[in-house]
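# Summary of structural features
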Amino acid sequence: MPCPSATFTVWTSSWLAGAAAPDDVLDALAPWADAHDVQAADPATAAATSLPEPGSPVSSLMFLLAALRRAAPQNPGRLVLPAPGDVRGLPGPGVFSREATAAGEGVVFVDAALGIVPTQVAEGVLRWTVYPVPEPGPVPEFVALGQAERDLREQVRQSTSVLTSLGVARHRPGVREEIAATLRKRPASLWPAGMPGQALRVLQQADEVEAILAAASVDEPGGALSASAAQARRDALRPIETAVRVARRAAVAEAVRVLATSPLV
């Protein structure tokens, strides 16, 4: 279940704007892994950020925050959630875009010319790798949060129909418990004070729909789908997956916009 990048984007942007303390950022990221480490993707980025290069002992999130502060003191982050065939928000071809697509998530700091991708490198260990992003690429599309929420609600309704048409609920009577268990396994999300209520609601809805998608993507016990049936399932679920990504990006963008203009007094 995503998405540590969403947590990182909101909290780091809030901290850069003076609306959160460094320890708040670290506390919010703690549920995502037992340990977090940091490294630069290449020697040039290491030299520019004072972060360790590949092969050197890794650093910590505190040093990553310091590097972002030095690079662009008030530069908010932008969440990216790329998938094959849906690369909206990425800065263009390059190593960051490739790695973010492989991970399904990342954060771009345009003014700092940096991109960050989290990956699990060992049990309980999340590594944040910093990449150069010399060209920001096109301005990402703007999706109003209200529209994203309406679209996601429609997909919630459609997801119920999809589950029924695929026979998931009929053949797996415990599917509702599976969905609830998936949500319980997700790390607890901590958000800054002042987080917009609508953004919180949309993020929660995105988590719920994603849990439904996970249930709908699992074959029934002892069963096997034909190639055509498996393709039909993928085709039916793809628009819902896209709506989840769009909604999550819109919610995080709105949170960053609000928090970045509400510094501590």
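Quick look at the structure, then. (Residues numbered from 1 in each chain as written. Predicted model: local features only at pLDDT ≥ 70, side-chain atom pairs only at ≥ 80, totals over all residues. Heavy atoms only, no water.)

### As for the packing of helix α2 (residues 22-29) against helix α4 (residues 61-71)
- The N-to-C vectors of α2 and α4 enclose an angle of 130°; their axes lie 10 Å apart at closest approach. Viewed along their axes, α2 and α4 adopt a mutual orientation that is oblique. Along this stretch, α2 crosses α4, giving a crossing that reads as right-handed. Contact residues: α2 offers Pro22, Asp23, Val25, Leu26 and Leu29, while α4 offers Leu61, Met62 and Leu65. (Axes fitted to C-alpha atoms, helices over the stretch in contact; angles between N-to-C directions. Helix = DSSP H or I, 4+ residues; strand = E, 2+ residues; numbered from the N terminus. Parallel < 35°, antiparallel > 145°, perpendicular 65-115°, else oblique. Left-handed = near helix turned anticlockwise from the far one by under 90°. Contact = heavy atoms within 4.5 Å.)

### Examining the packing of aromatic side chains
- On inspection of all chains with the given rule, the structure shows three aromatic pairs.
- Measuring from centroid to centroid gives 6.3 Å for Phe8 and Phe109, while their planes differ by 85°, and the two rings are edge-to-face. With Phe8 in helix α1 (residues 4-16) and Phe109 in strand β3 (residues 106-109), this pair connects stretches of sequence that are 101 residues apart. Pair check on accessibility: Phe8 and Phe109 agree, each one buried. (Phe/Tyr/Trp six-rings, centres within 6.5 Å; stacked < 30°, edge-to-face > 60°. Buried < 20%, exposed > 50% of the residue type's maximum accessible area, 1.4 Å probe, protein only.)

### Re the sheet that holds strand β2 (residues 78-80)
- Strand order in the open sheet formed by five strands is β1-β5-β4-β3-β2, and the pairing between neighbours is mixed. The open sheet terminates on both sides in strands that have one partner only, identified here as β1 (35-40) and β2. Taken pair by pair, the neighbouring strands of this sheet meet at an average axis angle of 25°, ignoring direction.
- Inspection of the sheet shows β1 paired to strand β5 (residues 125-132) by six bridges, in the parallel sense. Counterpart to His36 in the pairing with β5 is Leu126.
- Sheet strands touched by α1: β2, β3, β4 (114-122) and β5. Its angle to β3, the strand with the most contacts, is close to 30°.
- Across the sheet, α4 lies against β1, β3, β4 and β5, angled at about 170° from β4, the strand it touches most. (Pairing = 2+ DSSP bridges.)

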